[in-house]
Amino acid sequence: MINWIKYGKYRKKKGDLTMPEDKKVTERSERSNAEIVESTTIADVYRAAKQLEGVARKTRLIHSDFFSEQYHNDVYLKPENLQHTGAFKLRGAYNKISQLTPEERAKGVITASAGNHAQGVAYAAQKLGVKAVICMPATTPILKVEGTRALGAEVVLHGDGFDDAYAHSLELQKKYGYVYIHPFNDLQVLLGQGTTALEIIDALKDVDAILCPIGGGGFASGVALATKLVNPNVKVIGVEPENAACMKAALEADKVVTLASADTVADGCAVKTAGTLTFEFCKKYLDDIITVSEIDIMNALLSLIEKHKLVAEGAGVLSLAALAKLPFQGKKVVSIISGGNIDISTISALIDKALIARGRVFCFAVQLPDKPGQLLNVSRILAEENANVIKLDHDQTKVTDSFKKVVLTVTVETHNEQHIQKIIKALNANGYEIQKIY
């Protein structure tokens, strides 16, 4: 077993945990967040696992030959995209709602979510006979909206992102007296999500590292807590989009901060402000955070589809996108695929962008003399260079300074960037000056 450093990059040494200036009050006690972290034990996670028996699917690890060879670690996938409702969020939502009192259940529950927590709450509420109201950003993919409604929840669309929907949900809670089910900043929610780690360690007892996506921090908090309390030698690494790295910003500032924006294709992690409770858990138990670019995310999604025939959403593949940035090799690594709720139009757009980034699609424009044979000549060159034409536009109206020329716009399938350069060279050699569009 690898003897990892016990205290990670962001965790303070034992005895050095300071209390936040403004103590946060939980629903049923007046413990501060720091006190909650210190008093939470592995028994709490096992109690959550007991609650989830027969409800949450125990998703099996999948060994990935492709990602292992590509990134020089022994890589396993934990496919929570195959979970009921298509994401890990069911674990936390059910654990929380199942422990409400009869009086609380009678009030109904409310939450805000970009989609996966929404479906988790809706599923749990339906199973337990509780009314559920879900506030979702107006930009939420239709698949997630319809999936939530299909589970019997009342959906309220509001704002451009999670933070807008969250603010509106608090107004509705105050107005109607619902019980709030926070998507990440709640002890019972993160304990339920931490059961994912128990399954990983049970299936792969000599695991060296677990990669977990971070939005507001609930999943990473639960996974890191459970992992470190079972085996402190296992490294737990959070992964955030570069455009929405709210937990990394908080840990570096040693306090919760709000980002100016959170614009990312990983919409499930588009959170500007980390949770106050999850911040304390991540500070204590998380070893490190890796940030990944939008292109990294799209490439990971395409690789997962191509190599494993698994569909995931942008946030779902963050842990795969981080594999290239791990500072070690030869270790047993589990990447959690956190969710797979993505609509066809979105996945199509992400795949197209990933193909362009990899040099698998090439689009260019060229001005031709408006006379017979020119289109045929360009087609001949492309055929000789083994470029398959997938789209072509021959338009005379785009040339305004000459009546004797025409603009030809061509999109072709290519192998890589080297292939593209070879095509450009061949066209130039035949007297064609092209403009690369993408």
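About the criteria used
- Residues numbered from 1 in each chain as written.
- Predicted model: local features only at pLDDT ≥ 70, side-chain atom pairs only at ≥ 80, totals over all residues.
- Heavy atoms only, no water.
- Helix = DSSP H or I, 4+ residues; strand = E, 2+ residues; numbered from the N terminus.
- Buried < 20%, exposed > 50% of the residue type's maximum accessible area, 1.4 Å probe, protein only.
- Contact = heavy atoms within 4.5 Å.
- Areas by Shrake-Rupley, 256 points an atom, 1.4 Å probe, with all protein chains shown as cover.
- Lys, Arg positive; Asp, Glu negative; His and termini not counted.
- Charge placed at Lys NZ, Arg CZ, Asp CG, Glu CD.
- Pairing = 2+ DSSP bridges.
- Right-handed = clockwise from strand over helix to strand, strands pointing away.
- Axes fitted to C-alpha atoms, helices over the stretch in contact; angles between N-to-C directions.
- Domains from an automatic or database assignment.
- Core = buried A, V, L, I, M, F, W, Y, C linked by side-chain atoms within 4.5 Å.
- Disulfide = S-S within 2.5 Å.
- Polar contact = N/O pair within 3.5 Å; in protein donor to acceptor, adjacent residues only side chain to side chain.
- Parallel < 35°, antiparallel > 145°, perpendicular 65-115°, else oblique.
- Left-handed = near helix turned anticlockwise from the far one by under 90°.
- Nonpolar A, V, L, I, M, F, W, Y, C, P; charged D, E, K, R; others polar.
- Salt bridge = Lys/Arg side-chain N within 4 Å of Asp/Glu carboxyl O.
- Phe/Tyr/Trp six-rings, centres within 6.5 Å; stacked < 30°, edge-to-face > 60°.

(A) A look at the overall build of the chain. Helix and strand content of the chain: 17 helices and 14 strands. Viewed in the frame of its principal axes, the chain has a C-alpha envelope of about 80 × 50 × 40 Å. Burial statistics for the chain: of 438 residues in total, 55% are counted as buried. For the chain, restricting intrachain contacts to residue pairs at least 6 apart in sequence, the fraction spanning at least 24 positions comes to 72%. Total accessible area computed for the chain in this model is approximately 19400 Å², and 51% of it derives from carbon and sulfur atoms. When the 52 basic and 50 acidic side-chain charges of the chain are each reduced to a single mean position, those positions are 3 Å apart.

(B) Highlighting the pairing of strand 7 (residues 209–213). Burial analysis of strand 7 places 5 of its 5 residues in the buried class, the great majority of the element. Of the two faces of strand 7, both are covered, the one formed by Ala209, Leu211 and Pro213 as well as the one formed by Ile210 and Cys212. Relative to strand 8 (residues 235–241), strand 7 runs parallel, the two sharing 5 bridges. Bridging from a neighbouring strand, proline 213 pairs with valine 239 of strand 8. In terms of handedness, the path from strand 7 via helix 10 (residues 218–230) over to strand 8 forms a crossover that is right-handed. Looking at chain direction, strand 7 and strand 10 (residues 332–337) are connected through 3 bridges and run parallel. By the bridge assignment for strand 10, alanine 209 is matched with valine 333.

(C) Representation of the sheet that holds strand 12 (residues 388–395) within the structure. With respect to topology, 4 strands assemble into an open sheet ordered 12-13-11-14, the strand pairing being antiparallel. The sheet terminates laterally at strand 12 and strand 14 (434–436), the two strands that pair on one side only. Strand-to-strand, the axes of this sheet are offset by a mean angle of 20 degrees, without reference to chain direction. In this sheet, strand 13 (residues 405–413) lies alongside strand 12 in antiparallel orientation, the contact comprising 7 bridges. Each bridged residue has a counterpart across the sheet, and for lysine 391 the counterpart in strand 13 is threonine 411. Seen against the sheet, helix 16 (residues 374–384) touches strand 11 (361–369), strand 12 and strand 13 and runs at an angle of roughly 145 degrees to strand 11.

(D) Spotlight on the domain arrangement of the chain. When cut into domains, the chain gives domain 1 (34–86 + 187–350), domain 2 (109–177) and domain 3 (359–436). Taking only C-alpha atoms into account, the centre of domain 2 sits 49 Å from that of domain 3.

(E) Highlighting the nonpolar core. Counting 52 residues, the largest nonpolar core has Ile210, Val223, Met247 and Phe281 as the members making the most contacts within it. It is helix 9 (residues 187–203) that provides the largest number of residues to this core, a total of 7 residues. Lining this core are residues from two domains, each supplying at least three of them: domain 1 (34–86 + 187–350) and domain 2 (109–177). Excluding residues within four positions of it along the chain, valine 223 makes contact with Gln193, Gly194, Thr196, Ala197, Ile210, Cys212, Val236 and Ile336. Counting 36 residues, the second largest nonpolar core, distinct from the first, contains Val75, Leu302, Val317 and Leu350.

(F) The arrangement of the state of the cysteines in detail. Across all of its chains, the model carries 0 disulfides by this definition. Residue cysteine 269 stays outside any disulfide, its sulfur separated by 8.7 Å from that of cysteine 246, the closest cysteine.

(G) Highlighting the side chain of threonine 148. One can find threonine 148 in helix 7 (residues 142–150). You can call threonine 148 buried: its relative accessible area is 0%. Side-chain polar atoms of threonine 148 contact the backbone oxygen of lysine 144, separated by 2.8 Å. Other than its neighbours up to four places away in sequence, threonine 148 contacts Gly115, Ala118, Gln119, Ala122, Ile134, Met136, Ala153 and Val155.

(H) Structural view of unusual backbone geometry. Despite not being glycine, histidine 72 has its phi angle at roughly 60 degrees, a positive value. Mapping histidine 72 onto the fold places it in the loop between helix 3 (65–71) and strand 2 (74–79).

(I) The arrangement of the packing of helix 4 (residues 89–97) against helix 6 (residues 116–128) in detail. Put simply, helix 4 and helix 6 touch, their axes get as near as 8 Å, and they point 40 degrees apart. Put simply, helix 4 runs oblique to helix 6. Between helix 4 and helix 6 lies a crossing whose hand is right-handed. For the pair helix 4 and helix 6, contact is made by Lys89, Leu90, Ala93, Tyr94 and Ile97 and by Asn116, His117, Gly120, Val121, Tyr123, Ala124, Ala125, Lys127 and Leu128, respectively. Here the residues of the contact of helix 4 with helix 6 sort into 9 nonpolar, 3 polar and 2 charged.

(J) Geometry of the pattern of salt bridges. Going through the model one piece at a time under the given rule, you end up with 23 salt bridges. Two residues, arginine 91 and glutamate 199, come together in a salt bridge whose shortest N-O distance is 2.9 Å. Highlighted residues: arginine 91 in helix 4 and glutamate 199 in helix 9, separated in sequence by 108 residues. Each member of the pair, arginine 91 together with glutamate 199, is buried. We note a salt bridge from lysine 205 to aspartate 202, for which the minimum N-O separation is 3.8 Å. The burial state of lysine 205 is the same as that of aspartate 202; both residues are exposed. Linked through salt bridges whose partners overlap, the residues forming this network are Lys78, Glu80, Arg91 and Glu199.

(K) Quick peek at the packing of aromatic side chains. Evaluated as defined, the whole model comprises 7 aromatic pairs. Note on phenylalanine 66 and phenylalanine 67: the rings are 5.0 Å apart at their centroids and 75 degrees apart in plane angle, and the pair reads as edge-to-face. Take phenylalanine 67: its relative accessible area is 1%, and that puts it in the buried class. Taken together, a centroid distance of 5.9 Å and an interplanar angle of 80 degrees make the contact between tyrosine 166 and tyrosine 180 edge-to-face. Placement of the pair is tyrosine 166 in helix 8 (residues 162–176) and tyrosine 180 in strand 6 (residues 179–180), with a sequence separation of 14 residues. Tyrosine 180 gets classed as buried once you look at its relative accessible area, which sits at 9%.

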